[in-house]
Amino acid sequence: MMTDSSTVQPDFMAPWLMVARQYVARAMREDKLSHAFLIQGQAGLGQRVLAESIAQLVLCENLTTAQSHACGHCASCMLYLSGGHPDVHRVGLVDEKKQISVNDVRELSAELQLKSYRGGAKLGIIDPADAMNLNGMNALLKTLEEPSRNTLLILTCARVDRFPATIASRCQRIKLRVPTRKVALSWLSAQDSNVAWDGLLDLASGAPFAARELAAGGALELDAQMATVPELLTRPNADLVELAERCQGSFPAERFRWLELWVSDRIRKLFVTPSAGSGSAPAVLSTARRRHLQGLYSVLDTLRASQGALRGSANVTLLWEQVLGSLSRELLRVRPVRGR
Ligand SMILES: [Zn+2]
C-alpha cells in the first residue's frame, strides 16, 4: 500500500506532527522506545504521515543525537523513500473495504517474527487500526503480548471509543490535537495560497489534512451545490425526494457537515439581537426566537445522528430525507415570523 507520506519532507512537516515526532526521537535517544505506539486523534490530522515519519526515523542509519528527523540520504532512508523498504510492513483498507482483514493482521504478525532484512528494526503500521474487526484485534493482541525483538508497531486510530482497552493499554499513546486555526491555515496556504482554505477547514472540522483532501477532491464544488439547498427548503412545495438526491455525491459526510454548519450559523445569528451590545448581559430572547432555537437544535440532533448512521451501512437517501424534512418543517414554521 503506497502512501502520500513518502513525499513529505521533514521541513514541510506539519508543526503539530513535528512535536509528536520529537517526542519519539527523545524516547529513542533515551532508549525508552516502546514496542507499540497508538496515534490517536480526530481523522484528518495526519496520523498516517506521522506513522510513516516515525518509521523512517526509527530505520534511519545515520541519526545523530541532536536530530529528530531521518537524514534522508542513508541506505535505509533511500530504501524507505523509494517506497520499498523491506522492513516496513503496512496493513490498511484495500479496495474501499470498511474493514481490515484478519488475514492481513496475521500476515503482518508473521512478518514481524522474521529476521530484519537490514539488521535493524522491523516495523508494522496498521492504519487505521480501528478498522480491524474483533478477530483482527485478537490476532494483534498476541503480537503485542509477546513482541519479538527490535520490532515496532504503529497503530493509528480516530475513534478510541471503538478500540479495546486490552490493546490500547499495551501501546504508548500519541495524542494528536486539532491545531489552532492560525497554525492550520498557515500550513495549508504554504502549500497552495490560491485555495480558499477557510471554508474547507470548517467542513473538515478543523483537520488540515482532511481539508487538503477535500481540496484535492474538488470539494469547493460541494459548497456551490449545497448553498442552494436551504433556500429551496423554504418553498412550500419543496420536493424532498429530489432535494435528497441533489445532496448526494462525493464527500457524503462533508455534505452533512455543510448543513450542520449552516444550521449552527443560523443559531448563532438568533442570539444576536439589536439590543445586545458588546459586554452587555445575554439578550432576552422572544418566545418566537426561543421556539425557533429549539427547533433548530432538534434539526442539529437529527443531523448528528445521521452523520453517525453514515459511518454504518445506512441508506443515505433516507438519511437526507429525514434531515431535510426536519429542517424544512422548521423553516416553514417560522416563515411568518421572520424579520422580527
Ligand atoms: Zn537516514
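In the block above lies the structure referred to throughout.
Residues numbered from 1 in each chain as written. Predicted model: local features only at pLDDT ≥ 70, side-chain atom pairs only at ≥ 80, totals over all residues.

**Thoughts on the overall build of the chain**
And then number 1: Tallying secondary structure elements over the chain gives 15 helices and 5 strands in all.
And then number 2: Its C-alpha atoms give the chain principal-axis dimensions of roughly 75 × 45 × 35 Å.
And then number 3: Within the chain, the proportion of its 340 residues that are buried is 32%.
And then number 4: Across the chain, the fraction of contacts at a sequence separation of at least 24, relative to all contacts at a separation of at least 6, is 75%. (Helix = DSSP H or I, 4+ residues; strand = E, 2+ residues; numbered from the N terminus. Buried ≥ 20, exposed ≤ 12 C-beta atoms within 10 Å, placed from the backbone. Contact = placed C-beta atoms within 7 Å.)

**Things to note about the sheet that holds strand β4 (residues 151-157)**
And then number 1: Strand order in the open sheet made by the 5 strands is β2-β3-β4-β1-β5, with parallel pairing throughout. A single partner strand is all that each edge strand has here, and the edge strands are β2 (88-92) and β5 (172-175). Pairs of neighbouring strands in the sheet enclose a mean axial angle of 15 degrees, with direction left out of account.
And then number 2: Both strand β1 (residues 36-40) and β5 contribute to a ladder of 4 bridges, which runs parallel. The partner of phenylalanine 37 across the bridge, within β5, is glutamine 172.
And then number 3: This element, helix α4 (residues 102-113), spans β2, β3 (122-127) and β4 of the sheet and lies at about 170 degrees to β2. (Pairing = 2+ DSSP bridges. Axes fitted to C-alpha atoms, helices over the stretch in contact; angles between N-to-C directions.)

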